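Observations on chain architecture
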Amino acid sequence: MTAFPSVSVAPVPGVGARAARALTAEFARQNAATSALLVGADHASAVVAAAVEALLPGDTLTLVPGADSSTDLLRGHITGLGSWVADRVKVVASLDEAQPADVLIVGEPLTGTAEEARTRIEQLTKYLADGAVLSVAVPAGPGRTQGAAAELFRQGALFGVGSDLVVRNQPPLRVHKLRFSPAEVSAATTLAPAYRTSSVPVTRAMHIDSNGVAAAGIALGLAVLARRARPKSKLWLLPALAAAPVAAFFRDPERDVPGDPSAVIAAADGKVLSVERLRDERFGEGEFLRIAVFLSVFDVHVNRAPVAGRVADYFVEEGGYANAATAAAEHNVAAYTVLDTEHGTVVVAQRTGLIARRIVQRAPVGTLLAKGERYGLIRFGSRTDVYLPADKAEALVSVDERVVGGATVIARWKN
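Quick notes on the rules
- Residues numbered from 1 in each chain as written.
- Predicted model: local features only at pLDDT ≥ 70, side-chain atom pairs only at ≥ 80, totals over all residues.
- Heavy atoms only, no water.
- Helix = DSSP H or I, 4+ residues; strand = E, 2+ residues; numbered from the N terminus.
- Buried < 20%, exposed > 50% of the residue type's maximum accessible area, 1.4 Å probe, protein only.
- Contact = heavy atoms within 4.5 Å.
- Domains from an automatic or database assignment.
- Buried area = accessible area lost by both parts, 1.4 Å probe.
- Salt bridge = Lys/Arg side-chain N within 4 Å of Asp/Glu carboxyl O.
- Polar contact = N/O pair within 3.5 Å; in protein donor to acceptor, adjacent residues only side chain to side chain.
- Nonpolar A, V, L, I, M, F, W, Y, C, P; charged D, E, K, R; others polar.
- Pairing = 2+ DSSP bridges.
- Axes fitted to C-alpha atoms, helices over the stretch in contact; angles between N-to-C directions.
- Arc of directions from axis to C-beta.
- Expected span 1.5 Å × (residues − 1).
- Right-handed = clockwise from strand over helix to strand, strands pointing away.
- Phe/Tyr/Trp six-rings, centres within 6.5 Å; stacked < 30°, edge-to-face > 60°.
- Lys NZ or Arg CZ within 6 Å of the ring centre and 35° of its normal.
- Core = buried A, V, L, I, M, F, W, Y, C linked by side-chain atoms within 4.5 Å.

For the rest of this paragraph, the subject is the overall build of the protein chain. Helix and strand content of the protein chain: nine helices and 24 strands. Taken along its principal axes, the extent of the C-alpha atoms in the protein chain is 70 × 65 × 40 Å. Expressed as a percentage of its 415 residues, the buried residues of the protein chain come to 51%. Restricting to contacts in the protein chain with at least 6 residues of sequence separation, those with at least 24 account for 75%.

The structure is reproduced here in structure tokens:
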């Protein structure tokens, strides 16, 4: 009988509600009927609660008890949640009784050596369906064990999906979401935008990207140092007062993504610089319709996927740092995310500007992106270009028009 043994004598790190939501995010974002397998389930854990909350009609969830639970405790817990949940959740005594699933969630953080992690991962991959996602957590930090395990995951997962750092957990956890076989491109159209821990909620409708939290923290730290170094000087006020606007630059508002499957949406907030047809051999033969949007320092700089698709390639081209609103910006440093979609190749270019010097892209090759999903950002003034197959799309915006990332329809697929 295949069990899921504990390989470490150290106390198992806890998983709070935020980390549980990150662990179950790939299950929760599925809008089509999905099977999930939760290994190491505890009837009282936040992970079980988050997985049950993610259930939709047509979904199935299989639970394998962990060291702190049993089949009887889990079944009693599930039965107590009502018939709607009980009809969709199955409790088995061991992995031998489970079937391969679309999403496999490990409910207990992995600890121990890299070799122990390898053995456990190899055991679990047998229970992944084609294109399935394995979601696991390891304690965050610079320790040798955690670093070795993280490197093992990076080497083994060839088809996405990425990882999230959950700081608000005791201890902090790194959640890895990995795909070991390619997913169908069409699967992206059934997904909701993924839950990411890279945004810190301020209100229900407004978040601050983690880059902004770090930048504001640095500014406040400088203010404290300046105050201590020169207590009679007012210079400490400069970094202290800068903290709030720096954090505000990294604001990440919630957006209502249009449900129209034929709609192509803006990848960023800003003003339309150009709408043109061109050829670019880097992305294939034929013409592309390119819609370029300039982002001022006052715009939201979080980038979103304009269409649903699978990340086929990602590369950065070196260049200058000309004003992003000028023609010279064509030769600026730019990061290109190439998407395979049901309508052909779509490319999103994140271009630096006069002030912008840092591009963040969080979607590894192989990742499925839902329409409107956050996948990166550019620090300070910049430009974002969307390339669409010219024979399959028509533009709906014009030069100087303002667009809202994740909400404005900039083009539409032709029938």
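Quick look at the domain arrangement of the protein chain now. Many descriptions give the size of an interface as the accessible area lost when the pieces come together. Partitioning the protein chain into structural domains gives domain 1 (17-181), domain 2 (206-251) and domain 3 (259-413). Counting from both sides, the interface comprises seven residues of domain 1 and, opposite them, eight residues of domain 3. Between domain 1 and domain 3 the total buried area reaches about 440 Å² when both faces are included, carbon and sulfur atoms providing 42% of it. Among the residues domain 1 hides against domain 3, the three largest losses belong to Arg-29, Val-161 and Arg-179. Together they make up 67% of the total. Across the contact surface, domain 1 and domain 3 share one salt bridge. Notably, a salt bridge pairs Glu-373 with Arg-29, separated by 2.3 Å at the nearest N-O pair. Viewed at the interface, domain 3 and domain 1 are joined by two residue pairs in polar contact (both at pLDDT 80 or more). For the side of domain 1 that touches domain 3, a count of residues per class yields three nonpolar, two polar and two charged.

Taken as a whole, this structure holds 20 salt bridges when the rule is applied. For Arg-374, the salt bridge identified is with Glu-254, shortest N-O distance 3.4 Å. On the criterion of sequence distance, the pair formed by Arg-374 in strand S20 (residues 374-378) and Glu-254 in the loop between strand S10 (251-253) and strand S11 (263-265) is long-range, its members being 120 residues apart. Ionic pairing is found between Asp-269 and Arg-255, a salt bridge with its closest N-O pair at 2.9 Å. In this pair, Asp-269 sits in the loop between S11 and strand S12 (270-279) while Arg-255 sits in the loop between S10 and S11, placing the two residues 14 residues apart along the sequence. By the burial criterion, Asp-269 is buried, and Arg-255 matches it. Among the ionic contacts, a cluster of salt bridges with common partners joins Glu-276, Arg-290, Glu-330, Arg-351, Arg-383 and Asp-385.

Strand order in the open sheet made by the seven strands is S3-S2-S1-S4-S5-S7-S6, with mixed pairing throughout. Here the strands that pair on one side only, and so sit at the sheet edges, are strand S3 (89-91) and strand S6 (161-166). Taking the axes of each pair of neighbouring strands and ignoring which way they run, one obtains an average angle of 15° across the sheet. When strand S1 (residues 35-41) meets strand S4 (residues 101-106), the two strands line up parallel, connected through four bridges. For Ala-36, the partnering residue across the bridge sits in S4 and is Val-103. Packing of helix H6 (residues 114-125) onto the sheet brings it into contact with S1, S4 and strand S5 (128-139), and relative to S5 it is tilted by some 150°.

All of the buried residues in helix H4 (residues 71-79) are Thr-71, Leu-74 and Ile-78. Each buried residue of H4 lies within a common arc of 70° when the element is viewed along its axis, so the set occupies one face. The exposed set on the far side of H4, more than 90 degrees from its buried face, consists of Asp-72 and Thr-79. Next to the buried residues of H4 lie S1, helix H3 (46-53), strand S2 (60-65), helix H5 (83-86) and S3.

The omega torsion across Gln-170 and Pro-171 is -5°, close enough to zero to call that bond cis. Here Pro-171 lies in the loop between S6 and strand S7 (173-179). Notably, Asp-400 is not glycine yet its phi reads approximately 80°, a positive angle. Relative to the elements of secondary structure, Asp-400 occurs in the loop between strand S22 (393-395) and strand S23 (402-403).

For H6, which comprises twelve residues, the first-to-last C-alpha distance of 16 Å matches the rise-based estimate of 16 Å (1.5 Å per residue) to within 8%. Turning to H6, its buried residues are Ala-117, Arg-120, Ile-121, Gln-123 and Leu-124. One face of H6 carries all of its buried residues, which in axial projection span an arc of 160°.

The buried fraction of S1 is high, at seven of seven residues. Looking at chain direction, S1 and S2 are connected through six bridges and run parallel. Each bridged residue has a counterpart across the sheet, and for Leu-37 the counterpart in S2 is Thr-62. For the handedness criterion, the β-α-β arrangement of S1, H3 and S2 is classed as right-handed.

Within a pair of aromatic rings, the relevant descriptors are the distance that separates the centres and the angle that separates the planes. Applying the stated criterion across every chain yields a total of seven aromatic pairs. Pairing Phe-283 with Phe-288 gives two aromatic rings, centres 6.1 Å apart and planes at 85°, and the pair type is edge-to-face. Per residue, the accessibility class of Phe-283 equals that of Phe-288, and both read buried. What links up through ring pairs into an aromatic cluster is the set Phe-283, Phe-288, Phe-315, Tyr-336 and Tyr-387. Above the face of the Trp-84 ring, Arg-88 is positioned so that its terminal group lies 3.9 Å from the ring centre. Directly above the ring of Tyr-336 sits Arg-282, whose terminal nitrogen or CZ lies 4.5 Å from the centroid.

Of all hydrophobic cores here, the largest spans 31 residues; its most connected members are Leu-38, Leu-61 and Leu-63. For this core, the element with the highest residue contribution is H3, accounting for five residues. Apart from the residues lying within four places of it in its own chain, the contact partners of Leu-38 are Val-47, Val-48, Ala-51, Leu-61, Thr-62, Leu-63, Val-64, Ile-105 and Gly-107. By size, the runner-up hydrophobic cluster in this structure holds 27 residues, among which are Tyr-375, Ile-410, Ala-411 and Trp-413.

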